[in-house]
Amino acid sequence: MMKKVTVAVVSCLSVIGLILLGTYIYYQNHVNQIIGQPRDDTVYKRHYLFISSDTSDIWQDVFRAASEAAGESGAYLEWCGQETSARYSDEEGIEIGVAEKVDGILLYESTEKDLKDAVSDAQSRGIPVVTLLRDIEDSPRISYVGFSNYERGRLYGDQLVSLLHKGENKVCVLTDNGDSEGELNLLYSQMTQAVKEKGADGSTISLSAVLADSGEDFDAEETIRNLLMGDSVPDILICETSVQTDCAIQTIIDNNLVDRVQVIGYYTADMTLSAIQRELIPAALTIDTDSLGHSAVAALNEYLDTGHVSDYYNISLQTVNAKNVYQYLRMKNLSKDRSGGEDG
Amino acid sequence: MRKGRENRSIQSRLIMIMAGMMLLVLAVNLYVFRQTRTMVQTIDSVFVSNSTIVKLSDTLDKVGSSMYDYLSTRGSSSLEDFYRYEEDLREITTSFNDQNTSSPMLMLEKNIREMSEAYLEAAEKAIQAKRGRNVEEYRRKYADSKRLNGYIDDAVYALNSRRFAQNSRNYQMLQNTMGVLEASSMVMILTAFVMAMFLAVMLIRAIFGPLKELAGAADRVAAGDFDVDVRETGSGDEIAVVTHAFRKMLFSIREYIERQRASMEKESRMKENALAMQAHLKEAQLNFLQAQINPHFLFNSLNAGSQLAALEGADRTQDYLGRMADFFRYDVQKTGGSASLEEELELVDNYIYILNVRFSGDIHFDKILDQDIRLSDITMPSMTLQPIVENAVQHGIHDDHEHGRIWLYVEMVDGEDAPDGQPTVMVTVSDNGAGMTADQIMCLMESGRGKTDGGGVPETDGDEMASGSLAGTGKEETAGVAMGNVMARLTLYYGREGLLRVSSDGPGLGTQVTVFLPLR
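Worth saying up front: this structure is predicted, and the values here are computed from it rather than measured. (Residues numbered from 1 in each chain as written. Chains lettered and ligands numbered in written order. Predicted model: local features only at pLDDT ≥ 70, side-chain atom pairs only at ≥ 80, totals over all residues. Heavy atoms only, no water.)

For this particular structure, what's the right way to read the packing of aromatic side chains?
A ring pair, where both rings are aromatic, is described by two values, the distance of the centres and the angle of the planes. All chains considered together, the criterion is met by 14 aromatic pairs over all chains. Aromatic side chains Phe50 of chain A and Trp59 of chain A sit 6.2 Å apart centroid to centroid with 50° between the ring planes, which places their arrangement in the tilted category. The pair Phe50 of chain A / Trp59 of chain A is uniform in exposure class, with both members buried. Each ring, one from Tyr88 of chain A and one from Tyr151 of chain B, has its centre 5.5 Å from the other, and the planes form 90°; the classification is edge-to-face. You can see Tyr88 of chain A sitting in the loop between β3 (75–79) and α3 (90–99) and its partner Tyr151 of chain B sitting in helix α5 (residues 135–222), one on each of two chains. Taking the relative accessible area as the measure of exposure, Tyr88 of chain A reaches 13% and is therefore buried. Every member of this aromatic cluster is reached through a ring pair, and the members are Phe50, Trp59, Phe63, Trp79 and Tyr108 of chain A. Residue placement shows Arg84 of chain B over the ring face of Tyr85 of chain B; its charged tip is 5.1 Å from the ring centre. In this structure, Arg323 of chain B is placed above the aromatic ring of Tyr353 of chain B, and the distance from its NZ or CZ to the ring centre is 4.4 Å. (Phe/Tyr/Trp six-rings, centres within 6.5 Å; stacked < 30°, edge-to-face > 60°. Buried < 20%, exposed > 50% of the residue type's maximum accessible area, 1.4 Å probe, protein only. Helix = DSSP H or I, 4+ residues; strand = E, 2+ residues; numbered from the N terminus. Lys NZ or Arg CZ within 6 Å of the ring centre and 35° of its normal.)

Following this line, the structure appears as structure tokens:
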């Protein structure tokens, strides 16, 4: 009988002990998750601020690439206003960056032009500013990463040539507040030159520009709709931003203007690529967002590490049309797989 | 140690087990209580971060409003409030993260911390400008601080929302963990309870099992079964003591019984010895007496006397002594065995001769024999006819020898005359003497049957009958014994009853005794 009692007691105590141990481990694991510091937090030595009021796909991709590059170099990249879901102007963004005492700023000037003072203020506090795709003239920014309007105009011109019909072709370029007059003139001259050199005989273009994004909400969509539903519908519509491109594509689909208006888009958002695949639009110009993001962070790092940096980092432009859209998609997917493929 | 463990009393075992169980339940409950308390504290701490952020926001507002008050009124209390709230704000933001991490919430904390510092700088500059009466400066700095306040509010709001969402998830997780804790606690408590019940049952069995066994053993002992085996419990407690005492008592009782039995056996043996001695003594006496009346000695002596008579020429004496010797020789040789009818008749002749010598020829005896019967071929039990003739002499014609007559017939019968219808030798001894009543005949037959039913041949034999009849002992007793003996021996010899009949026409009308001798 003693043996039976001993076995029973030992068994019960073992069960209790196992439950205690299991509960303790379970509890500790869960409590650690709850009250402890996140276990896999990475500590960075630098804090960069990314300022862009344009949150379209192109800038999401640029931010993702720049984050990746920043992480690799030991820096944390924050998108100004993303956490707070507040919309800040570029100047406010710079002010926030100064107040947060960030180590560097990547700026895409989207709506305002007068940022020289803000950039100067930041620079004076030891916060370097790198501008992306739009430079701020006469500002103490340390570097500019982007493409030349010369190249852009040339690419637009090449595309125009393939779309012209005999006679006069009305070409309308959609602009926004960030475009300077000089940049626009360069663009126009390149397009005109291209048509002149490569266009068919008897084909001419008449260029016009429409301010599609003046900074007001929903400006682009209203402007494009008015333009395409109005009296003077262009034959070819050139978009400068991905938002303009999406609006234009939606408008020509909704109003059955696919055959009437040829849209040359900007950037290869999913909607744009789909439209090219379905031949709703002939082409879109796109940039290598990975290259843009990496170059921007590299510029900051170089400046902070050495005190010097190149004034300009060139990003190449590419035309995506029906001929190369599938290849482009394959390359893009490959690139996504390599980098994890998920949004940050 | 083992001996010490075995010698724990029931009380100490009960106390130990109960204490152990209480301790276990207490430990489990303490653990559960501690875990629950920790859980509650964790839940509290989860929302502490939220309360800290709320406190920051409140303090920020207070700094802003006190700064605005001062800039508006230049009041000293506003200035004091400003500095006090400024200190509070710094104290709160000091606890915030100041490192660049991959956690969005911690980065928000860092930003809030840095922006708060910038805000306080701007506010301080506004205050200084106000004190320096630099209107443009303090207005500009106030605008700057107001914008910064807005940025901080946005960040605080974002952080609060994130924290709240996270805290809600954490709270849910804690609730689930609490559920798991509750379930595991319940299982532990139930297990402890089951164990406690099991131990209690075992303990009760350990206590009452031996008691019941002991009670059962006591009952059996009371019923007379002293071979009960009560096992030692080996527990060393009070039950073991009682059990041990009971076993000792049982052992003592058995020993006592054994001693008593031995004593009684000894006494019995002694009595038996004494009896045996007495018996042997009597036997010796008997033997001595027998030796004195040894038939061999008797008939040898009689032979010697006969020879002496012959030598002296006393022919009648010689004949008498010779017949006496033959009578006693027959008695010795044939006792318990069988004889021929011829030999039996010779014995009867000798008996009658002896009696006639004694009674001077007054015994009138006649034999009527069937000449076709070869008397030497008929076997029968010995000492059958002589006792019958003796009865006829003793009881039939005893009172009147002069007129009394005895006849002995030997004839062959069969059919209705025979007991079983088979050819049978019938020997009839009849007299004309006293006769018998029916009751006397019945008693005579009953006594003979009783001796037969008692099994075996009655222990009367020829010697006893002979010595009894010749010595003239009590008539009826002698007749009963003799007839019973003859009847029994006839039944034993032939294996059947009814071979002896007694009849009489009544008192004074004589008696007939008929013996049937089935042919074998």
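Would you mind going over the pairing of strand β6 (residues 424–431) of chain B with me for this structure?
Put simply, side chains in a regular strand alternate between the two faces of the sheet. All names here are of chain B. Across the eight residues of β6, eight count as buried, placing the element largely inside the fold. The alternating pattern of β6 places Thr424, Met426, Thr428 and Ser430 on one face and Val425, Val427, Val429 and Asp431 on the opposite face, and all of these are buried. Of the pairings in the sheet, the one linking strand β5 (residues 405–413) to β6 comprises eight bridges and is antiparallel in character. Among the inter-strand pairings, Leu408 is bridged to a residue of β6, identified as Val429. As paired strands, β6 and strand β8 (residues 511–518) are joined by eight bridges and run antiparallel to one another. In the strand pairing of β8, Met426 is matched with Phe516. (Pairing = 2+ DSSP bridges.)

For this particular structure, what's the right way to read the sheet that holds strand β4 (residues 104–107) of chain A?
Residues and elements named next belong to chain A. The six strands lie next to each other as β3-β2-β4-β5-β6-β12, forming an open sheet whose pairing is parallel. Both edges of this open sheet fall to β3 and β12 (312–314), since each of them pairs with a single strand only. Taking the axes of each pair of neighbouring strands and ignoring which way they run, one obtains an average angle of 20° across the sheet. Bridging between β4 and strand β5 (residues 129–132) involves three bridges; their strand directions are parallel. Looking at the pairing, Leu107 lines up with Thr131 of β5. (Axes fitted to C-alpha atoms, helices over the stretch in contact; angles between N-to-C directions.)

Help me understand the interface of chain B and chain A, please; the structure alone is not making it clear to me.
Size of an interface, as often reported, equals the accessible area lost when the parts are brought together. Counting residues at the interface gives 50 residues for chain B and 42 residues for chain A. Buried area between chain B and chain A, summed over both chains or domains, comes out near 3,900 Å², and the portion from carbon and sulfur atoms is 69%. Linking chain B with chain A are three salt bridges. In this structure, Lys101 of chain A and Glu114 of chain B form a salt bridge, with 3.8 Å as the shortest nitrogen-oxygen distance. Between the two partners, chain B and chain A, sit eleven residue pairs in polar contact (both at pLDDT 80 or more). Secondary-structure elements contributing two or more residues to the side of chain B that touches chain A are α2 (10–73), β1 (100–101), α4 (104–131) and α5 of chain B. A per-element tally of the side of chain B that touches chain A places α5 of chain B first, with 25 residues. (Contact = heavy atoms within 4.5 Å. Buried area = accessible area lost by both parts, 1.4 Å probe. Salt bridge = Lys/Arg side-chain N within 4 Å of Asp/Glu carboxyl O. Polar contact = N/O pair within 3.5 Å; in protein donor to acceptor, adjacent residues only side chain to side chain.)

Explanation requested: the UniProt feature "transmembrane region" (unreviewed entry) in chain B in the structure shown.
Following the UniProt record, the feature "transmembrane region" (unreviewed entry) maps to residues 12–33 and 183–204 of chain B here. A helix fraction of 100% and a strand fraction of 0% characterise residues 12–33 of chain B, whose end C-alpha atoms lie 30 Å from each other. (UniProt positions renumbered as here; feature names shortened; annotations may be inferred.)

Quick question: what am I supposed to make of a nonpolar patch on the surface here?
Together, Met186, Leu190, Phe193, Val194 and Met197 of chain B make up an exposed nonpolar region whose accessible area comes to about 500 Å². Residue placement: Val194 of chain B occurs in helix α5. (Patch = residues over 30% accessible without salt bridge, like charges linked within 9 Å, V, L, I, M, F, W, Y side chains within 5 Å. Areas by Shrake-Rupley, 256 points an atom, 1.4 Å probe, with all protein chains shown as cover.)

Looking at this structure, how should I read unusual backbone geometry?
When glycine is set aside, most residues are seen to have a negative phi, and most peptide bonds are trans. Of note, the phi angle at Glu279 of chain A is positive, near 60°, even though the residue is not glycine. Within the secondary structure layout, Glu279 of chain A lies in the loop between α9 (270–277) and β11 (283–287). Although it is not a glycine, Ser360 of chain B adopts a positive phi angle of roughly 60°.

What should I look at first to understand the sheet that holds β5 of chain B in this one?
In a beta sheet, neighbouring strands pair by backbone hydrogen bonds and run either parallel or antiparallel. Residue and element names in this part refer to chain B. Read across the open sheet, the five strands follow the order β3-β5-β6-β8-β7; overall the sheet is mixed. Both edges of this open sheet fall to β3 (364–369) and β7 (500–504), since each of them pairs with a single strand only. Across the sheet, the axes of successive neighbouring strands diverge by a mean angle of 15°, strand direction being ignored. Sheet strands touched by helix α9 (residues 341–358): β3, β5, β6 and β8. Its angle to β3, the strand with the most contacts, is close to 165°. The strands that helix α10 (residues 385–396) touches are β5, β6, β7 and β8; relative to β6, the one it contacts most, it runs at about 20°.

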